[in-house]
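Spelled out, the chains give:
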Amino acid sequence: MTRTLTKTRTEYITRPNRHVQLIVDVHLVLLCDGEVLLGRRSNTGYGDGAYEPPSGRLVERETIVEAAVRVAAEAGIALDPAGVTLAHVMHDVSGTGRVAFFLTAENWDGPAGAEADGYSDLGWFGLDALPANMMNRARIAVHHFTTGTSLSTYPAF
């Protein structure tokens, strides 16, 4: 696939060299019998009432796998770090900039809790019947994961 650049070569070369600090989000995409675990955001100040896979921000000196294990534990799930794999990466350019790592795992244990930090409830939803009030970025990432697309930009260009 060929894509036309939105700027000229000169604009890319002469652009000031400014480093951007991105927020890094880690989402846990757990599947069971054709369903995905989603939580309804609550008391977060952003997107409350909408569903997304359990997530958290990466904290200082934490790896994305450690973050996935932490997010799982907050949802009542024991996750073996050795079984965590990359599901999808999304670069969100809609605001100040974010990168979201969507990770998955084959082996995990424990029923998801009814509540977790930042979520009023957790539940299983069919991949073909995702809730209407799902975070758009999360819906797109889950779709990309299920179709085998490993990288996306949000919003799509």
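This text follows the structure it describes.
Please read these numbers as outputs of a predicted model, since none were measured by experiment. (Residues numbered from 1 in each chain as written. Predicted model: local features only at pLDDT ≥ 70, side-chain atom pairs only at ≥ 80, totals over all residues. Heavy atoms only, no water.)

Undergrad: What am I meant to see in the overall build of the protein chain here?
TA: Secondary structure summary: the protein chain contains 3 helices and 11 strands in total. Reading the protein chain from its N terminus to its C terminus gives the helix and strand order α-β-β-β-β-β-α-β-β-β-β-β-α-β. Long-range contacts, defined here as pairs at least 24 residues apart, represent 68% of the contacts in the protein chain between residues at least 6 apart. Summed over its atoms, the accessible surface of the protein chain is roughly 9600 Å², and 52% of this surface lies on carbon and sulfur atoms. (Helix = DSSP H or I, 4+ residues; strand = E, 2+ residues; numbered from the N terminus. Contact = heavy atoms within 4.5 Å. Areas by Shrake-Rupley, 256 points an atom, 1.4 Å probe, with all protein chains shown as cover.)

Undergrad: How should the sheet that holds strand E8 (residues 98–105) be read in this particular structure?
TA: Whenever strands of a sheet pair, they do so through backbone hydrogen bonds, lying parallel or antiparallel. Across the sheet, which stays open at both edges, the 5 strands sit in the order E5-E1-E8-E7-E11 with mixed pairing between neighbours. The open sheet has two edge strands, strand E5 (55–57) and strand E11 (151–154), and neither has a second partner. Sheet twist, expressed as the mean angle between neighbouring strand axes with direction ignored, is 25°. The pairing of strand E7 (residues 84–92) with E11 spans 4 bridges and is parallel. Of the residues in E11, the one forming a bridge with Asp 92 is Tyr 154. Packed onto the sheet, helix H2 (residues 64–74) meets strand E1 (23–28), E5, E7 and E8 and runs at close to 55° relative to E1. (Pairing = 2+ DSSP bridges. Axes fitted to C-alpha atoms, helices over the stretch in contact; angles between N-to-C directions.)

Undergrad: Is there a simple way to explain the environment of Ala 116 in this structure?
TA: In this structure, Ala 116 sits in the loop between strand E9 (108–109) and strand E10 (119–126). For Ala 116, a relative accessible area of 14% corresponds to the buried category. Note: C-alpha distance between Ala 116 and Pro 54 (62 residues apart in sequence) is 8.5 Å. Not counting residues up to four positions away in its chain, the partners in contact with Ala 116 are Glu 74, Ala 75 and Leu 122. (Buried < 20%, exposed > 50% of the residue type's maximum accessible area, 1.4 Å probe, protein only.)

Undergrad: How do you make sense of unusual backbone geometry when you look at a structure like this?
TA: In terms of backbone geometry, most residues other than glycine have negative phi values and most peptide bonds are trans. Going from Tyr 154 to Pro 155, the amide bond is cis rather than trans, its omega being -10°. When you line up the elements, Pro 155 lands in the segment after E11. For Asp 33, which is not a glycine, the phi torsion comes out positive at approximately 50°. Along the chain, Asp 33 turns up in the loop between strand E2 (31–32) and strand E3 (35–41). Judged by its relative accessible area of 77%, Asp 33 is exposed.

Undergrad: Is there a simple way to think about the nonpolar core in this case?
TA: Among soluble globular proteins, nonpolar side chains are generally buried collectively. Ranked by internal contacts, the top residues of the largest apolar core, which has 17 residues, are Leu 28, Leu 30, Ala 68, Ile 77, Leu 79 and Leu 122. Among the elements of the structure, E1, H2, E8 and E10 are those that each provide at least two residues to this core. Val 36, Leu 38, Tyr 51 and Ala 100 belong to the second-largest nonpolar core, a separate cluster that totals 16 residues. (Core = buried A, V, L, I, M, F, W, Y, C linked by side-chain atoms within 4.5 Å.)

Undergrad: What's the story with the pattern of salt bridges in this structure? I'm lost.
TA: A side chain of one charge can pair with a side chain of the opposite charge when the charged atoms of the two come close. Tallied over the full model, the rule gives 6 salt bridges. Here Asp 25 and Arg 98 are joined by a salt bridge, their closest N and O atoms 2.7 Å apart. Here Arg 98 lies in strand E8 and Asp 25 lies in strand E1, a separation of 73 residues in the sequence. As a salt-bridge pair, Asp 92 and Arg 137 come within 2.9 Å of each other at their nearest N and O atoms. Taken together, the residues Asp 92 in strand E7 and Arg 137 in helix H3 (residues 136–147) connect sequence positions 45 residues apart. Each member of the pair Asp 92 and Arg 137 is classed as buried. Beyond isolated ion pairs, a larger network of salt bridges with shared partners links Glu 62, Arg 70 and Glu 74. (Salt bridge = Lys/Arg side-chain N within 4 Å of Asp/Glu carboxyl O.)

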